[in-house]
Each structure stands twice: as C-alpha cells, then as structure tokens.
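Descriptive analysis of the structure
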Amino acid sequence: MTTADTWAAGDAAEAALAADPCERGATVWLTGLPSAGKTTLAFALAERLRAEGHRVEVLDGDEIREFLSAGLGFSREDRHTNVTRIGFVAEKLAANGVKVLAPVIAPYADSRAAVRERHTARGTDFLEIHVATPVEVCSQRDVKGLYAKQAAGEISGLTGVDDPYEAPTAPELRLETQGRTVAESAAELHTFLTTRGLA
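Now for a look at the structure at hand. (Residues numbered from 1 in each chain as written. Predicted model: local features only at pLDDT ≥ 70, side-chain atom pairs only at ≥ 80, totals over all residues. Heavy atoms only, no water.)

Turning our attention to the environment of Tyr165. Locating Tyr165 in the fold gives a position in the loop between helix H7 (146–151) and strand E5 (173–175). Taking relative accessible area as the criterion, Tyr165 reaches 18% and is therefore assigned buried. Separated by 57 residues in the primary sequence, Tyr165 and Tyr108 place their C-alpha atoms 6.4 Å from one another. Every residue in contact with Tyr165, bar those within four places of it in the chain, is listed here: Thr31, Gly32, Leu33, Ile105, Ala106, Pro107, Arg112, His130, Thr159 and Gly160. At 2.8 Å, the side chain of Tyr165 forms a polar contact with the side chain of Thr31. (Helix = DSSP H or I, 4+ residues; strand = E, 2+ residues; numbered from the N terminus. Buried < 20%, exposed > 50% of the residue type's maximum accessible area, 1.4 Å probe, protein only. Contact = heavy atoms within 4.5 Å. Polar contact = N/O pair within 3.5 Å; in protein donor to acceptor, adjacent residues only side chain to side chain.)

Overall, the coordinates contain one aromatic pair when judged by the stated rule. On the numbers, 6.3 Å between centres and 45° between planes, the contact of Trp29 with Phe126 is tilted. One end of the pair, Trp29, is in strand E1 (residues 26–31); the other, Phe126, is in strand E4 (residues 126–131), with 97 residues separating them in the sequence. In this pair, the class of Trp29 matches that of Phe126, namely buried. Across the ring face of Phe74, the terminal group of Arg65 is positioned such that the distance to the ring centre comes to 4.0 Å. Between the NZ or CZ atom of Arg76 and the centre of the ring of Tyr108, over which it lies, the distance is 3.9 Å. (Phe/Tyr/Trp six-rings, centres within 6.5 Å; stacked < 30°, edge-to-face > 60°. Lys NZ or Arg CZ within 6 Å of the ring centre and 35° of its normal.)

Turning our eyes to something else, we now look at the environment of Arg141. Residue position: Arg141 is located in helix H6 (residues 135–141). Each C-alpha atom of the pair Arg141 and Gly37 lies 9.1 Å from the other, and the pair is 104 residues apart in sequence. The contacts of Arg141, once residues within four sequence positions are left out, are Ser35, Ala36, Gly37, Thr133 and Thr177.

Structure (structure tokens):
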C-alpha cells in the first residue's frame, strides 16, 4: 500500500467516523412555556439515545439556575445572561461529540439567536425545538405550581402570562404535545434527529 493509499484509507475512516450518528455532537434546544413538557421530553429522549450508544447531557434550566447562574434574577438582562451561559456550555460539549439536550425556556428570540450564532460560528449543530404546548394546557399541568401562585398574586413575571415569551418563528421542529403522550413526542423528536443524521 502506497503512502497515498494509506492517506486515502485514513480519510475514508475519518469520514465513516464522522457519519456515525453516535459520534456526532449537537445542541438540541427545547424552548417553550413553563410546564410545556420540555424537561420530561428531554429526559425521555436522553434515555433512548443513551441506550443507542450516544453520549448525552441534559442541561436542565433549573439546575443551571442553581449551580451556574446563582444570583441572577429574572430581568431581561439576567435571563439573557443565563441563556448565553447555557449556550456556551452546550456548544463546548456538542463540539466534543456530546448530544446536549437543553430544556430551557429562553423566552427571548435574541437570546436564542445569540446561542445559535455561537454554534454556527464554530461549525456546531444547533437545533431549536419549539415545544408548542398552549398556555391553557401548561396551566393545567402546572408542574411547579407557578401558574397557581401567579393567579393568587404570590408571584409575578411568569413567562407567557405576565412576562413575554417570544415563540420561535422558524424552529427546526415544532412539537405539538397537546393530547399526546411523552413517548409519542419523544419518538417524533427522535425521528427528526434521525433525518438529520444525529440518531
């Protein structure tokens, strides 16, 4: 085998490795209202991806608030800082072959755009998934009791109620979760990732 043949074989091996979905990192950002089902969906998808041999990390918004963004409030500026911090960590992980699932409200379009731009500049896949659950359904689920507290006047600034939520206008995927099981929604997202060569 000549040196040229060795190089060609090496290039082919690298191409095959790059084509292996388990080796491809990406950030899958699940945005939506509180209680839309983002975190539940992320953990369901993560379980399936890990079973298939993928390296997966879930960057849960509440955990990030506690450990990485402690001290930040809920002003527009603080929300932007929180989102871009998560985006920074996500891109670092994704660039190293990790599937990053980020179930984070990220209510402002410019914040999500900033995260996307960081990924694009570094050639890292970024997929914005809108978990499009209507606010009426979210308030019925009310996983953390936030809607009840807001209705009782105990809290203010609830995203989608008395604080803005700028829904994505052109997400890579819009998931309608109303009337569907978690398994069904996770399966749709998994199928979508498969079409992108990521699962």
